[in-house]
Amino acid sequence: MAWFRKDKSGLAQQEKKNIPEGLWTKCKSCGEVVYGKKMEELLWVCPNCDYHFRIASQRYIELLLDDGKLEEYDINLTSKDPLKFKDSKKYPDRIKAAQLKTGKKEGVIAGISSINDIRVSFAIMNFEFIGGSMGSVVGEKIARAIERAIEMELPLIIISCSGGARMQEGILSLMQMAKTSALLAVLAEKKIPYISILTNPTTAGVMASYASLGDVIIAEPKALLGFAGPRVIQQTIGQDLPEGFQSTEFFLEKGFVDKIVNRKDLRSTVTSLLRFMWSN
Ligand SMILES: [Zn+2]
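For clarity, every value in this text was computed on a predicted model and none was experimentally measured.

**Q** Please clarify how the overall build of the protein should be interpreted in this entry.
**A** Within the protein, the regular secondary structure consists of 10 helices and 10 strands. The globule rule puts the C-alpha radius of gyration for 280 residues at 19 Å, and the 20 Å found for the protein is close to it. Taken over the C-alpha atoms alone, the protein extends approximately 55 × 45 × 40 Å along its principal axes. Out of the 280 residues belonging to the protein, those deemed buried represent 47%. In the protein, 67% of the contacts between residues at least 6 apart in sequence involve partners at least 24 apart. Side-chain charges in the protein split into 38 positive and 33 negative, and the spacing between the mean points of these groups amounts to 5 Å.

**Q** Quick question: what am I supposed to make of a nonpolar patch on the surface here?
**A** Among the surface-exposed residues, Leu23, Trp24 and Tyr35 lie close enough to one another that they form a single nonpolar patch of about 290 Å² accessible area. In this structure, leucine 23 sits in the loop between α1 (2–15) and β1 (24–26).

**Q** Looking at this structure, how should I read the pairing of strand β4 (residues 108–115)?
**A** Summarising burial for β4: 8 of the 8 residues are buried, a large majority. Along β4, one buried face is formed by Val108, Ala110, Ile112 and Ser114 and the opposite face, lined by Ile109, Gly111, Ser113 and Ile115, is buried too. Relative to β4, strand β3 (residues 71–73) runs antiparallel, the two being bridged by 3 bridges. The residue of β4 that forms the bridge with glutamate 71 is isoleucine 112. As paired elements, β4 and strand β5 (residues 118–125) share 8 bridges and run antiparallel to each other. When the bridges of β5 are listed, isoleucine 115 appears paired with isoleucine 118. Two successive antiparallel strands, β4 and β5, enclose a turn made up of 2 residues, where asparagine 116 displays a positive phi of approximately 45°.

**Q** Sorry if this is basic, but what is going on with the environment of leucine 154 here?
**A** Looking at the element boundaries, leucine 154 is found in the loop between α5 (136–152) and β6 (156–162). Separated by 37 residues in sequence, leucine 154 and lysine 191 place their C-alpha atoms 10 Å apart. In this structure, leucine 154 is in contact with Ile112, Arg119, Val120, Ser121, Ala149 and Ile192, ignoring residues within four places of it in sequence.

**Q** For this particular structure, what's the right way to read the side chain of serine 113?
**A** The residue serine 113 is located in strand β4 in this model. Engagement of the side chain of serine 113 in a polar contact is seen with the backbone oxygen of lysine 69, the distance being 2.6 Å. Apart from the residues within four sequence positions on either side, serine 113 is in contact with Leu65, Asp66, Lys69, Leu70, Ile118, Arg119 and Val120.

**Q** I would appreciate a short explanation of the pattern of salt bridges in the present structure.
**A** In a structure, side chains of opposite charge can pair up when their charged atoms sit close to one another. This model, assessed by the stated rule, comprises 14 salt bridges. A salt bridge links aspartate 66 to arginine 267, with the nearest nitrogen and oxygen atoms 2.8 Å apart. Linking aspartate 66 in the loop between α3 (57–64) and β3 with arginine 267 in helix α10 (residues 266–277), this pair joins segments that are 201 residues apart in sequence. Given the relative accessible area of 12%, aspartate 66 is considered buried.

**Q** What is the right way to read the side chain of asparagine 200 from this model?
**A** Note that asparagine 200 resides in strand β7 (residues 194–203). Under the relative-accessibility criterion, asparagine 200 is labelled buried at 14%. Apart from the residues lying within four places of it in its own chain, the contact partners of asparagine 200 are Tyr51, Arg54, Cys161, Ala223 and Leu224.

**Q** Where do I start with the coordination of the zinc ion in this structure?
**A** Six octahedral donors around a metal ideally make angles of 90 or 180 degrees; four tetrahedral donors ideally make 109.5 degrees. Within the first shell, the zinc ion binds the protein through Cys27 (SG), Cys30 (SG), Cys46 (SG) and Cys49 (SG), at distances of 2.3 to 2.4 Å. In primary-sequence terms, the residues that donate to the zinc ion follow C-x2-C-x15-C-x2-C. Pair noted here: cysteine 27 is in the loop between β1 and β2 (33–35) and cysteine 46 is in the loop between α2 (36–41) and α3, with a separation of 19 residues, a long-range link. For the residue pair cysteine 27 and cysteine 46, the accessibility class agrees, reading buried in each case.

How each quantity is defined
Residues numbered from 1 in each chain as written. Predicted model: local features only at pLDDT ≥ 70, side-chain atom pairs only at ≥ 80, totals over all residues. Heavy atoms only, no water. Helix = DSSP H or I, 4+ residues; strand = E, 2+ residues; numbered from the N terminus. Rg over C-alpha atoms; globule rule 2.2 N^0.38 Å. Buried < 20%, exposed > 50% of the residue type's maximum accessible area, 1.4 Å probe, protein only. Contact = heavy atoms within 4.5 Å. Lys, Arg positive; Asp, Glu negative; His and termini not counted. Charge placed at Lys NZ, Arg CZ, Asp CG, Glu CD. Patch = residues over 30% accessible without salt bridge, like charges linked within 9 Å, V, L, I, M, F, W, Y side chains within 5 Å. Areas by Shrake-Rupley, 256 points an atom, 1.4 Å probe, with all protein chains shown as cover. Salt bridge = Lys/Arg side-chain N within 4 Å of Asp/Glu carboxyl O. Pairing = 2+ DSSP bridges. Polar contact = N/O pair within 3.5 Å; in protein donor to acceptor, adjacent residues only side chain to side chain. Donors = N, O, S within 2.8 Å, 3.2 Å for Na, K, Ca; no water.

So far we have only geometry, and geometry alone does not tell us how the molecule works.
Written out as structure tokens, the structure is:
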């Protein structure tokens, strides 16, 4: 039956081609077309299939933190170009373009805030900044967020959204995995809770380090989660991959994710978890 449905949705998509952009938004997962303002109300979650559109880091700050306020730290840390890396663009030019696009110096925003009056050390990755890739500054800012949690005895919340390590910084970017993981081990020893929130996509080096080390790991529905891309894995192991592989739902089934949380319930869920794990 699958071919029949696919054919139908293809037709539906063709009919909707002439809708002016901006006013209406088409769901990337099911093709449903929703009025843009309605989507804003729905926090950019498809009313038909629950697909969570990617939203700006600032929106998560407004959704999750008290009064949408964050006392930001390490605002001016910027990446160097240790390898003098150049692909289609020079690395410093790529950084400058990302800075212009996002108005931020790097791909993660970190600081101190509170969630329903519980003070937290908070960090959120910005996918708009070179695919949310983790270079030495992203790693350092995450590391400092963990250190603040340790020193100030505050629960840690990290919202991840990343394509992985930043290849333009080579080994320096890979080292961030060890650095952040080691600090999280110290945080665990101090029995300070860490809630890791996975959004679409959370993959590769970020998934293989701090994103997967939460005491509780929650994820948005239908997010792409994983390490290497499915094609690479398929070629390496020479086997077909199971259906739904690398989705939030698959990860929950296999015990890797503890809870799937709809965006509208994010704040209440994190609050309940903090109240359960942390009394201060
Ligand atoms: Zn949909």
